[in-house]
Amino acid sequence: MTPREPLRPVGYDDAADRVRLLDQRKLPAVETWLELETAEQVADAIRTLAVRGAPAIGVAAAYGVAVEARRGASPERLREASRLIASARPTAVNLAWAVARMSRRLEAGPAALLAEAHAIRDEDEASCRRMGALGAPLLPRGARVLTHCNAGALATAGYGTALGLVRAAVEAGNPVTVFADETRPFFQGARLTAWELQRDGIPVTVLTDGMAGWLMQRGEISCVVVGSDRIAANGDVCNKIGTYALAVLARHHGLPFYVAAPWSTVDLATARGADIPIEERGADEVVRINGALIAPEGVPARYPAFDVTPAALVTAIVTERGVADGDLAAALRRLAGA
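This structure is a prediction, so every number in the text was calculated from the model and none was measured.

Undergrad: So, the packing of aromatic side chains: which residues are in play, and what are the values?
TA: A full pass over the atoms with the stated rule returns one aromatic pair. Above the plane of the ring of Phe186 lies Arg191, whose end atom (NZ or CZ) is 4.7 Å from the centre.

What follows is the structure in structure tokens.
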């Protein structure tokens, strides 16, 4: 198979001064790139899930501030744009982290802000590759890896967090295979994880969200590997709704439950998972698929977009600074000083 170009879903067109995003709402049917010229457009792309995944959102946010600066915005306008972008989604800490990092450079000028955004993008891909190198040895040879949502190249600047471990294992000659939960209601697993793994020639099988326990009981799953949108100081992990249930199932069946996330996802200012704000999205995303109603008209629906997995259910957290295991709170404190 001819190697494909690395998948990098967030970028910047320096010549045109535009943010470029692969529109993940259209995948897998159509590969469409958005060309965004304002902070408002970037915030809307984040809010409507054209770009999603905590690291990718952070990179997009940085470019959203940079594009305003490059178009001549005043420092006050840049502060307003930063607030707008930071409020687009509340749970992913990388969004606020990237905006705060850009905000410290608002007086430095457009060139410096764009350079900072490029640095955030490059550092994220480098951290994903480092996580892959550190985490790949955790996967047994021929592992059958269950993952949830999309924590791959599409959720980052490139390469991926959870799928970065998979990619690194494959590159090292380990013939791992992936089971991807479809991840209702937005189908990030079926639409995105399956698309990017197929693109890279990595074997992947799609499951409905309710199948994991049965396959674990049958011995068909080796481990669970997921990403995260925020990790609290005590090691509690916030990730796409449905992750907690997988952690409970993994513990019951004696399977390792691994989390892969860049250090920017670790929020030591948040003591525990219960303190993380959980985004509630609209009921239409649950009761409609591609616009078609799948429940009786007028029946209410809930969509908490994330849940929290207690640290006690997490085998290890892989970051670019190292692997935290055992007492996760103590391990994260050690990595914080690394």
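Let us keep going from here.
Undergrad: Talk me through unusual backbone geometry; I want residue IDs and the actual numbers.
TA: The residue after Leu27, namely Pro28, is reached through a cis peptide bond having omega 5°. Along the chain, Pro28 falls in the loop between β2 (18-22) and β3 (33-36). A cis geometry characterises the amide bond from Arg184 onward to Pro185, with omega recorded as 5°. Structurally, Pro185 can be placed in the loop between β5 (177-181) and α7 (188-199). Of note, the phi angle at Leu49 is positive, near 70°, even though the residue is not glycine. Turning to its location among the elements, Leu49 is positioned in the loop between α1 (39-47) and α2 (54-70). Judged by its relative accessible area of 3%, Leu49 is buried. Located in the positive-phi region is Asn290, a residue other than glycine, with phi close to 50°.

Undergrad: Describe the pairing of strand β6 (residues 204-207), and please don't skip the residues or the numbers.
TA: Examined bridge by bridge, β5 and β6 share four bridges and lie parallel to one another. Counted as the bridge partner of Val178 is Val204 from β6. Each parallel crossover has a hand, and for β5 linked through α7 to β6 it is right-handed.

Undergrad: Describe the UniProt feature "binding site: substrate" (unreviewed entry) in the chain, and please don't skip the residues or the numbers.
TA: Here, UniProt's "binding site: substrate" (unreviewed entry) annotation points to Arg52, Gly53, Ala54, Arg89, Gln188, Asn239 and Lys240. Position of Ala54 among the secondary structure elements: in helix α2. By relative accessible area, which is 3% here, Ala54 ends up buried. Dropping the residues within four chain positions of it, Ala54 is found in contact with Ala92, Asn94, Ala155, Ser228 and Asp229. Inspection of the secondary structure assignment puts Asn239 in strand β9 (residues 237-240). In this structure Asn239 comes out as buried when scored by relative accessible area, which is 6%. If we ignore the near neighbours within four places in the chain, the residues touching Asn239 are Val226, Gly227, Ser228, Asp229, Ala305, Phe306 and Asp307.

Undergrad: How would you sum up the side chain of Gln24? Please name residues and give values.
TA: Following the sequence through the fold, Gln24 ends up in the loop between β2 and β3. Sequence-distant contacts of Gln24, that is, excluding residues within four places in its chain, are made with Pro9, Leu49, Ala50, Val51, Arg52, Leu154, Arg191 and Leu192.

Undergrad: If you had to explain the sheet that holds strand β15 (residues 316-319) to someone new, which residues and values would you point to?
TA: The seven strands are arranged β6-β5-β4-β7-β10-β15-β16 in an open sheet whose pairing can be described as mixed. Strands at the two margins of the open sheet, each flanked by one partner only, are β6 and β16 (322-325). The mean inter-strand angle of the sheet, taken between neighbouring strand axes irrespective of direction, is 25°. Lying on the sheet, helix α5 (residues 110-135) is in contact with β10 (257-260), β15 and β16; it crosses β15 at an angle near 140°.

Undergrad: Give me the lowdown on the packing of helix α4 (residues 93-103) against α5, citing residues and values where you can.
TA: Between α4 and α5, the least distance of the axes is 10 Å, while the angle of their chain directions is 145°. In this structure, the crossing between α4 and α5 has a hand that is right-handed. When α4 is examined against α5, the residues Trp97, Ala98, Arg101 and Met102 are found in contact with a partner set consisting of Leu113, Glu116, Ala117, Ala119, Ile120 and Glu123.

Undergrad: Just give me the short version of the sheet that holds strand β14 (residues 306-309), but keep the residues and values in it.
TA: Pairing within the open sheet is mixed, and its four strands lie in the order β11-β8-β9-β14. If you trace the sheet from one side to the other, it starts and ends with β11 (266-267) and β14, each paired once. Judged from the two bridges that link them, strand β8 (residues 230-232) and β11 form a sheet pairing that is parallel. Across the sheet, residue Ile231 finds its bridge partner in β11, namely Val266. Here helix α9 (residues 243-252) sits on the sheet and contacts β9 and β14; the angle it forms with β14, its principal contact strand, is near 30°.

Undergrad: Let's hear about the nonpolar core: which residues, and what values?
TA: The nonpolar side chains of a soluble globular protein tend to be buried with one another. Counting residues in hydrophobic clusters, the biggest one holds 38 residues, and the most contacted among them are Leu21 and Ile85. Put simply, the parts of the chain that give this core at least two residues each are β1 (10-13), β2, β3, α1, α2, α3 (75-86), α4 and α5. By residue number, the principal contributor to this core is α2, which donates eleven residues. In this structure, Leu21 is in contact with Pro9, Val10, Thr32, Trp33, Leu34, Leu36, Ala45, Val51 and Ala60, ignoring residues within four places of it in sequence. If you look at the next biggest cluster of nonpolar residues, it comprises 29 residues, including Val226, Val259, Ala311 and Ile317.

Undergrad: So, the UniProt feature "site: Transition state stabilizer" (unreviewed entry) in the chain: which residues are in play, and what are the values?
TA: With numbering matched to this structure, UniProt assigns "site: Transition state stabilizer" (unreviewed entry) to Cys149. Relative to the helices and strands, Cys149 resides in the loop between β4 (144-147) and α6 (162-171). Leaving out residues up to four positions away in the same chain, Cys149 has contacts with Arg52, Thr183, Gln188, Gly189, Thr193 and Lys240.

Undergrad: Tell me about the pattern of salt bridges, residues and numbers included.
TA: Within this structure, the stated rule accounts for 31 salt bridges. A salt bridge links Arg79 to Glu76, with the nearest nitrogen and oxygen atoms 3.4 Å apart. Note that Arg79 and Glu76 are positioned in helix α3 at a spacing of three residues, about one turn of the helix. Given a relative accessible area of 34%, Arg79 falls into the partly exposed group. A relative accessible area of 43% means that Glu76 is categorised as partly exposed. A salt bridge links Asp275 to Arg272, with the shortest nitrogen-to-oxygen separation between them at 3.7 Å.

Parameters at a glance
Residues numbered from 1 in each chain as written. Predicted model: local features only at pLDDT ≥ 70, side-chain atom pairs only at ≥ 80, totals over all residues. Heavy atoms only, no water. Phe/Tyr/Trp six-rings, centres within 6.5 Å; stacked < 30°, edge-to-face > 60°. Lys NZ or Arg CZ within 6 Å of the ring centre and 35° of its normal. Helix = DSSP H or I, 4+ residues; strand = E, 2+ residues; numbered from the N terminus. Buried < 20%, exposed > 50% of the residue type's maximum accessible area, 1.4 Å probe, protein only. Pairing = 2+ DSSP bridges. Right-handed = clockwise from strand over helix to strand, strands pointing away. UniProt positions renumbered as here; feature names shortened; annotations may be inferred. Contact = heavy atoms within 4.5 Å. Axes fitted to C-alpha atoms, helices over the stretch in contact; angles between N-to-C directions. Left-handed = near helix turned anticlockwise from the far one by under 90°. Core = buried A, V, L, I, M, F, W, Y, C linked by side-chain atoms within 4.5 Å. Salt bridge = Lys/Arg side-chain N within 4 Å of Asp/Glu carboxyl O.

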